[in-house]
Amino acid sequence: GRGARLLSLCALHEASSSPARDGLDVADWSNELPISDVGEMTVVCRLPNERRRIFILVSVSIEGAALRVNLTEQPPQLAPYRIDNLTHTHSLLVTQSPCAALPQPRVVEEVAPGKRLHFAWEQVVDEPTLALHAGNNCVHLRLDDLQLVGGLKAAAFADAQPEVLRYRVVTDGPVKVLQVRDSRRADFAASPDAAEGRLRLKLDVQLAAIGLSLVDTTPRELLYLCLSSILFSYQASATRASSSVVVQGMQIDNALPESTFGVLLRPHWSASEDRQPKKPPALEVLVQRRLGYARMKFFDTISVRLQTLQLMLDTSLAKTLALFAVSTVSDLSRLFAALLDGIGHDARAEPPEKAYVRWLNLQPTRVYFSCRAVAGGLGLESLVELPANAVGVVNTLGALLANVDRAPILFKAIVLDNVFAHYTTLAGTIATSYQEQLLKQVYSIFLSCEVLGNPRGLFSRMATGVTEAFYEPIAGLQRGPEEFAQGVLRGGKSLASNMVFGVSDSVSRMSGALGKGLAELSMDQEYLAKRASSRSSHSGGEGSQSRNVGEGLRSSVGEVGSGFLKGISGVVSKPMKGAQKDGVGGFFKGVAQGAVGLIVQPIVGVADGISQASEGIRNTTEAAHATPIMARRMRPPRTLGFHGELQPYSRADAEAQAILGSSIGAAGRAAITLREGRFFRHCQCGARPKQPDRLLVLTTTHVVLLALVLVPAGASSSSSDTVARKATIEWFEPLANVGVPEEFSEEIGLHLRNGGLRFVPCADSHTRRLARQILNEALRGIV
């Protein structure tokens with residue numbers, strides 16, 4: 001058309017140093033090709049003085065204001081068409097048609113009996129067809145018509161009647177194939193090769209479990225992935241391969257020490273699935289592919305089934321993972337760029353490999369999404385620049401909207417047939433589909449927001465109560481009058497219980513979310529940390545501080561009183577602390593914080609009080625006992641070496657690290673300096689042999705002695721041992737203040753540089769040697 005961009009190509013020998021002398025003037029140029037439209041096409045070129053054809057893939061894309069054209073030589077197997085001559089005696093002639101529409105003379109190709117020809121259109125016309133000649137007869141065929149079947153008369157031997165050749169169009173991956181056979185063949189099937197179907201390799205691998213840790217540069221463990229009961233199967237012949245993976249259990253733990261949820265992701269089974277002898281697998285993957293295709297992966301089948309999932313996220317982990325992802329992507333980009341530059345490789349010179357997928361089936365799955373806002377805001381200021389006066393407002397809105405309870409998100413199945421595209425294009429198509437589905441279900445997340453009282457959860461509880469109020473009497477009536485009376489009682493009890501649970505739970509969540517949001521307005525990190533620490537036990541959902549109405553009312557009074565007390569005291573304390581820290585500027589900043597706190601903190605106290613009281617009422621109902629228990633970590637977060645080096649996982653060290661963390665949280669401001677260090681080693685010790693009642697803990701900054709609170713192991717345990725449930729800090733000292741450890745008869749003495757002395761009770765010699773060893777390791781580490 002007018003103004004169309006046209007391109008013509010010619011192919012030269014690679015060793016040609018002077019194109020003009022070696023054949024450019026007599027080169028076989030391709031016909032003009034339009035490159036105005038974005039897309040791909042295959043061009044046929046021939047080398048000078050040769051009949052050999054070269055297939056060139058022309059890819060047209062837009063990059064900024066430029067039109068980019070990539071030229072890539074394709075193997076003949078990836079030509080868009082193929083002609084298979086399955087006859088025994090007939091040669092076929094093929095050429096592009098119609099002749100009147102072609103701007104250049106036609107090229108005729110011969111396909112001998114039993115041979116095949118890779119084919120592409122050499123001239124661009126609106127509706128190209130293929131002229132198929134057999135003897136003096138010809139038929140014009142549209143190769144893009146996959147329903148095409150027919151017959152063509154061909155000359156026979158001697159005086160026999162003309163033979164009818166049958167033809168059809170089928171697909172072989174991304175290639176459309178014209179098959180022609182004679183009457184002697186029963187069908188179009190090629191002669192089977194026994195070696196192709198013979199199994200050459202079969203491999204079955206079964207693993208009990210695999211664990212992977214994600215550790216950042218702090219260093220600290222962020223996530224822990226555990227896959228259990230894994231079965232991997234692989235089998236291959238000369239032309240085909242099949243792989244399958246079945247994962248029975250899957251869980252990703254949130255390893256941050258003060259996380260709201262201990263588990264980030266895990267499968268969720270329905271009540272009926274839970275009752276089965278063997279639960280459905282968490283993940284099933286099947287991949288079947290064909291081998292022997294150059295520059296292309298041919299997949300017959302890709303099928304993925306994922307069990308319903310529970311996704312539990314808090315804003316602290318989201319911020320940490322976002323920062324980790326940004327730094328990791330940046331580092332990997334620089335690393336790959338340096339490697340490619342070092343080896344002189346141009347990543348833009350070679351287009352990405354393509355994949356053909358005959359059938360892709362991503363089965364539907366459901367995700368129950370929960371989120372909790374953590375004190376300290378969303379941390380957006382670490383990712384994007386925000387005005388100082390906007391941080392508090394953004395954190396408040398985040399705290400209000402980021403509390404979501406089990407919002408159901410359903411992802412429908414994605415089924416794709418006969419897809420031939422680059423991996424990036426295929427992945428982008430799938431991602432776009434999931435993104436569109438997610439955007440259509442934003443209302444579901446919104447209806448599960450706790451600031452609105454979790455309307456979805458409230459309606460669900462009410463529906464359960466109403467349903468059972470009608471169902472139980474009807475079910476009882478079918479069994480007799482007495483059962484009818486019992487059914488009325490059970491239905492009425494369920495209705496009342498679910499109604500009270502739903503309303504009290506809604507009020508508790510609404511007031512709790514409002515308290516979190518309003519608390520962020522204070523922009524007082526010390527107040528936010530204290531509030532988060534005091535509410536951490538029930539925020540995570542593993543247990544509730546208010547187990548009944550009495551505890552709820554007591555906690556409610558305490559929260560209200562604490563809010564008023566903190567607000568009033570902050571008017572005086574904040575300016576004084578600000579002046580001590582930053583002088584005059586800090587004083588006026590403290591005045592502002594105190595004034596805001598005088599208004600905000602009492603209101604937050606009232607909101608928290610209402611939340612605690614409602615929580616007590618909720619947990620008194622019978623419906624609360626049916627609430628599922630929160631998922632627990634597969635194992636405590638790992639510990640690292642003194643300088644952050646990775647080391648084999650030690651469950652004893654991990655449990656000691658967890659005990660230290662809970663002890664620091666319980667001690668409050670008295671042990672705030674212990675948060676500066678990171679757990680290193682520990683040693684159980686005590687005044688009595690084989691009865692440890694102390695825990696010596698070494699961090700990268702302190703030595704700490706904990707007094708263990710021991711309780712019986714439990715009735716279900718066959719052991720008579722005792723288990724430490726919690727601990728209190730007996731004393732702690734900075735490592736920089738520790739001089740030389742000295743071994744006494746039943747204890748280790750630590751000589752302090754300020755002249756003091758600390759004692760670690762160690763009744764047996766083995767414990768004393770271990771205590772001295774880890775102390776010396778820590779002291780050498782700080783040198």
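Starting from 1, residues in each chain are numbered consecutively following that chain's sequence as written. Local features are withheld for residues below a pLDDT of 70 in this predicted model, meaning they are given only at 70 or higher, and side-chain atom pairs are given and counted only at 80 or more; totals for whole chains, interfaces and linings count all residues. Calculated side-chain values reflect all of the structure's heavy atoms, with hydrogen atoms and water omitted.

(A) Fine view of helix 13 (residues 765-781). Helix length check: helix 13, at 17 residues, gives a terminal C-alpha distance of 24 Å against a target of 24 Å (1.5 Å per residue), a fit within 8%. Per-residue accessibility, obtained with a 1.4 Å probe over protein chains only, is compared with the maximum for each type, and a residue is labelled buried under 20%, exposed over 50%, and partly exposed between these values. Here a strand is any run of E in DSSP of at least two residues, a helix any run of H or I of at least four, and the numbering for each starts at the N terminus. Among the residues of helix 13, those classed as buried are T767, R768, A771, I774, L775, A778, L779 and G781. Projected onto a plane normal to the axis of helix 13, the buried residues spread over an arc of 160° and lie on a single side. Opposite the buried face of helix 13, at more than 90 degrees from it, the exposed residues are H766, R769 and R780. In this scheme, a helix's expected span is set at 1.5 Å multiplied by one less than its residue total. Each C-beta atom gives one direction from the helix axis, and the arc is the one those directions make.

(B) Quick peek at the sheet that holds strand 4 (residues 53-63). Paired strands, as defined in this entry, are two strands with at least two bridges between them according to DSSP. Taking strand neighbours across the sheet as the criterion, the three strands line up as 3-4-5 in an open arrangement whose pairing is antiparallel. Each edge of the sheet is formed by a strand with only one pairing partner; in this case those strands are strand 3 (39-46) and strand 5 (66-74). For this sheet, the mean inter-axis angle between neighbouring strands, taken without regard to orientation, is 25°. By the bridge criterion, nine bridges tie strand 4 to strand 5 in an arrangement that is antiparallel. What sits directly across from S61, in strand 5, is R68. Angles run from 0 to 180 degrees between N-to-C directions of axes, and those axes are lines fitted to C-alpha atoms, restricted for helices to the stretch in contact.

(C) View of the pairing of strand 11 (residues 137-141). Sheet topology note: the strand 10 (residues 129-134)/strand 11 ladder contains five bridges and is antiparallel. Looking at strand 11, one finds that L130 is bridged to L141. Where strand 10 folds back onto strand 11 in an antiparallel hairpin, the turn is made up of two residues, including G135, whose phi is positive at roughly 70°.

(D) The packing of aromatic side chains, seen in detail. Aromatic rings from Phe, Tyr and Trp, taking only the six-membered ring of Trp, are treated as a pair when their centres fall within 6.5 Å; an angle between ring planes under 30 degrees marks them as stacked, one over 60 as edge-to-face, and anything in between as tilted. In total, this model carries nine aromatic pairs according to the counting rule given. Between the aromatic rings of F119 and W121, the centroid separation amounts to 5.3 Å while the plane-to-plane angle is 85°, which identifies the pairing as edge-to-face. There is no split in this pair, since F119 and W121 are both buried. Taken together, a centroid distance of 5.4 Å and an interplanar angle of 80° make the contact between F587 and F588 edge-to-face. Here F588 falls in the exposed class, since its relative accessible area comes to 54%. An aromatic cluster of at least three residues, connected via ring pairs, comprises Y293, F298, Y356 and F420. The ring of Y368 is capped by R406, whose NZ or CZ atom sits 4.7 Å from the centre of that ring. Placement of a charge over a ring requires the Lys NZ or Arg CZ to be within 6 Å of the ring centre, with the centre-to-atom vector within 35 degrees of the ring normal.

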